[in-house]
Every structure is written in C-alpha cells, then in structure tokens.
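Breakdown of the fold
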Amino acid sequence: MFIQTVLGPIPVSELGLTLPHEHILCDFIGAEKTGRRGRYNPDEVIEVMQPYLQQVRELGVKSFFDCTPMFIGRDVEVLARLSRATGLHIVTNTGLYKEPFLPTYAFEASADALAEIWIKEFEEGIDGTEVKPGFIKIAVNPGSLIPVQQKIVRAAARTHHATGLTIASHTAHGPAAIETIDLLEAEKVSPKDFIVVHTDSEPNHEYHLQIAKRGAWVEYDAVGRKPPEEHLAWIASLLDAGYENQLLLSMDAGWYSVGEERGGDVMDYTDLVKEFIPRMREAGMTEETIHKLTVTN
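Rules and cut-offs
Residues numbered from 1 in each chain as written. Predicted model: local features only at pLDDT ≥ 70, side-chain atom pairs only at ≥ 80, totals over all residues. Heavy atoms only, no water. Helix = DSSP H or I, 4+ residues; strand = E, 2+ residues; numbered from the N terminus. Rg over C-alpha atoms; globule rule 2.2 N^0.38 Å. Buried < 20%, exposed > 50% of the residue type's maximum accessible area, 1.4 Å probe, protein only. Contact = heavy atoms within 4.5 Å. Areas by Shrake-Rupley, 256 points an atom, 1.4 Å probe, with all protein chains shown as cover. Lys, Arg positive; Asp, Glu negative; His and termini not counted. Charge placed at Lys NZ, Arg CZ, Asp CG, Glu CD. Pairing = 2+ DSSP bridges. Axes fitted to C-alpha atoms, helices over the stretch in contact; angles between N-to-C directions. Right-handed = clockwise from strand over helix to strand, strands pointing away. Disulfide = S-S within 2.5 Å. Core = buried A, V, L, I, M, F, W, Y, C linked by side-chain atoms within 4.5 Å. Phe/Tyr/Trp six-rings, centres within 6.5 Å; stacked < 30°, edge-to-face > 60°. Salt bridge = Lys/Arg side-chain N within 4 Å of Asp/Glu carboxyl O.

A short note on the overall build of the protein chain
If you tally the helices and strands in the protein chain, you get 10 helices and 13 strands. Taken over the C-alpha trace, the protein chain has a radius of gyration of 18 Å; the compact-globule value for 297 residues is 19 Å, and the two agree within 12%. Relative to its full complement of 297 residues, the protein chain shows a buried share of 57%. For the protein chain, the share of sequence-separated contacts (at least 6 apart) that also reach a separation of at least 24 residues comes to 76%. Surface accessibility of the protein chain: about 12400 Å² in total, with carbon and sulfur atoms responsible for 49%. If you average the places of the 27 positive and of the 44 negative side-chain charges in the protein chain, the two averages end up 3 Å apart.

A word on the sheet that holds strand S3 (residues 18–22)
Pairing in this open sheet of three strands is parallel, and the strands run S3-S5-S6 from one edge to the other. The sheet terminates laterally at S3 and strand S6 (89–91), the two strands that pair on one side only. Mean inter-strand twist for the sheet, computed between neighbouring axes without regard to direction, equals 20°. Here strand S5 (residues 63–66) pairs with S6 via three bridges, running parallel. In the strand pairing of S6, Phe65 is matched with Val91.

Quick look at the pairing of strand S9 (residues 167–170)
The two faces of a sheet get side chains in turn, since along a regular strand they alternate between them. Because side chains alternate across S9, one face comprises the buried residues Ile167 and Ser169, and the other comprises Ala168 and His170, equally buried. Pairing of strand S8 (residues 135–139) with S9 involves four bridges; the strand directions are parallel. Of the residues in S9, the one forming a bridge with Lys137 is Ala168. Viewed along the sheet, the connection from S8 through helix H5 (residues 147–163) into S9 turns out right-handed. Strand direction decides the pairing type here: S9 and strand S10 (residues 194–197), joined by four bridges, are parallel. Residue pairing across strands places His170 opposite Val197, the latter belonging to S10.

Digging into the state of the cysteines
This structure, assessed with the given rule, holds zero disulfides. Cys26 takes part in no disulfide bond, and the closest cysteine sulfur, belonging to Cys67, lies 9.8 Å away.

Points about the nonpolar core
By size, the foremost hydrophobic cluster in this structure holds 82 residues, and its most contacted members are Ile24, Met49, Trp118, Leu249, Tyr269 and Met280. Grouped together as the second largest cluster of nonpolar side chains are 12 residues, Leu15, Phe65, Ile195 and Trp217 included.

Structural notes on the packing of aromatic side chains
Enumeration according to the criterion identifies seven aromatic pairs in this entry. Ring centres 5.1 Å apart and planes at 90° place the aromatic pair Phe64 and Tyr269 in the edge-to-face group. Highlighted residues: Phe64 in strand S5 and Tyr269 in the loop between strand S13 (256–257) and helix H9 (271–282), separated in sequence by 205 residues. Its relative accessible area of 0% is what places Phe64 among the buried residues. An angle of 65° between the planes, with centres 6.2 Å apart, marks the rings of Phe71 and Tyr105 as edge-to-face.

A closer look at the environment of Ala115
On the secondary structure map, Ala115 appears in helix H4 (residues 111–124). In this structure the C-alpha to C-alpha distance between Ala115 and Thr5, which are 110 residues apart in sequence, comes to 20 Å. Filtering out sequence-adjacent residues up to four positions away, Ala115 remains in contact with Ala155, Arg158 and Thr159.

Things to note about the sheet that holds S8
Strands sit in the order S7-S8-S9-S10-S11-S12 across an open sheet of six strands; the sheet is parallel. A single partner strand is all that each edge strand has here, and the edge strands are strand S7 (93–94) and strand S12 (247–249).

Some remarks on the pairing of strand S2 (residues 8–11)
Where strand S1 (residues 2–5) lies against S2, four bridges are found, and the strand directions are antiparallel. Residue pairing across strands places Ile3 opposite Ile10, the latter belonging to S2. Two successive antiparallel strands, S1 and S2, enclose a turn made up of two residues.

Some thoughts on the pattern of salt bridges
Under the defined criterion, the tally for this structure stands at 16 salt bridges. Close ionic contact of Arg225 with Asp252 constitutes a salt bridge, the shortest N to O distance being 3.4 Å. Of this pair, Arg225 sits in the loop between strand S11 (217–220) and helix H8 (228–240) while Asp252 sits in the loop between S12 and S13; the two residues are 27 residues apart in sequence, bridging distant segments of the chain. Accessibility expressed as a relative area gives 14% for Asp252, which makes it buried. When the shortest N-O distance is used, the salt bridge between Arg279 and Glu282 registers 3.7 Å. Of this pair, Arg279 and Glu282 are both found in helix H9, three residues apart, which corresponds to roughly one turn of the helix. The class for Arg279 is partly exposed, based on a relative accessible area of 28%. One continuous salt-bridge network, built from bridges that share partners, spans Asp112, Arg154, Arg158 and Glu187.

Printed below as a string of structure tokens:
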C-alpha cells in the first residue's frame, strides 16, 4: 500500500510518526484574490517555515499532512521544496473549502464537474506540476448543509470513487458531521474513508461517539490549544468504547499568514510530541496505544 506525497508515492510503512492535520501557508484574503501573484515571496515562506519543520523532524516526526486547500494558499511547489530541505514526507490535497473561500465556478459547476477537476489533479498533477494530492480536503458549514457544501461533499465522494483518496472535512459541528456521513453513504462512500476534522471543536462528546459509531474517523486536532485534561478524557472515552482504530491526533498548527509581516505569529508543531504524548503516558495509556494513535492510524 502506498500514499502520495509531494515528492511521489511512498509505502505506507514509511510514514512513521505522523501529524495528520497541520498548515504551512494560509491566505485568507478570499478565492478571487489569493494565489502567488505578488501576494507572498515563496523564498521567504521557506526561510520562515523550514526551521519549524526541521524542529519537529528532529523530534521524530516523519510525515506531515498539509491541510491547506486550493484558494486558501495551497502552494505545492513550496511544499515540495520544504520536503526536500527537511526530509519530512509532506502530503497535500485536492478539493474545495467553504464560503467565502470558494471560486465562482464552485457555485456554477455540477458535482461531477468539480470532481473532474480534482481527479485531473490526482492523475496529472496540481497547477502544472508533477505534485499529486494524497487526500481530499473539503469543508462544510455548521448546521444543515447548504446546497453548495452538499455539492462539494458529493464531488468529494465521486473523486474518492475514482481515486481511492480519503476525504477529510473541516466540520467542527456534530449535526453537520452526521449529515455529511449520511450524504456520503448515499453516495456509496464508506464512513471508514471519511475524517471528521475538528471533532474536538464540538463540545458535546456524545457526537464524537456517534461519529465513531457510524464508522468515521474522529480527529482531535487542537492538541496544545485546549486543556490536555479535556482531550485525555475524550480519548479515554473513545478507547473504552472500542474506537481506538478510528482516532487521529494533531495540532492544526503553523502557519505563515500571507499579508502579515514575515508570516505573523507561527505556532510551532511540537506540542503533540513534547507535551501531550508524555501526558498520555502519565494518564496510563500504553506505548502500544500511543503508537496506534500517532503512527498506525
């Protein structure tokens, strides 16, 4: 089994300790204005961000999933250069986010037409490069899904069927997560191929358990930005319920913020390894469990 990195496919066995949800570069100016075009200097981005990536590489992290989608600053050439410079396996994505970070065509095109664009990136490369996506990154609005986000979910499902790529969705809301799972199942996508991003932004833990019961991945990606006791309790609950095979841990950290001087304030990527994993040990979680959550899963 292989996974597609920005430098090409590698065996899954080479991923090692992995950060499944982080960001290197983000630009929140809006879909119609983002893009390199003078917005930022790629050399400066690399100068600023390389030490953060090198730091976490030296802590034992081998793989890094960059979850910045197109129209929010995805720059696969920057990612490839950083991967070469640091030795990290970096994985990028295809897909679309949500308003106000959607291009006009997202509202006009059909789900099949959107999927065609994403499948082409998988087959031919992104933005004229040889870099191909290793997963699908989308988003949904909180509450009942609005039409354009329903369409994006359906497009992700059809891309998944054509490529086999896992779907990760910025969700952060329990009812929206359940509705998305329903929609994916209607498109014949198994929940095991779906990651509910920012599950830990939903304060009602019962939704976390519902997501896991449906078979989807629960992603706690605010490690270092929430009280560790809260995450430890939620993890223990999922482990006790038998969902250790459906849990991912990350920090949603970084990033070079386009428009701010030298990228603004960057949150480093060390909390999971330096702070939280030791807390997991103190809470009585075994090395086997920690390996499961940070490597195997």
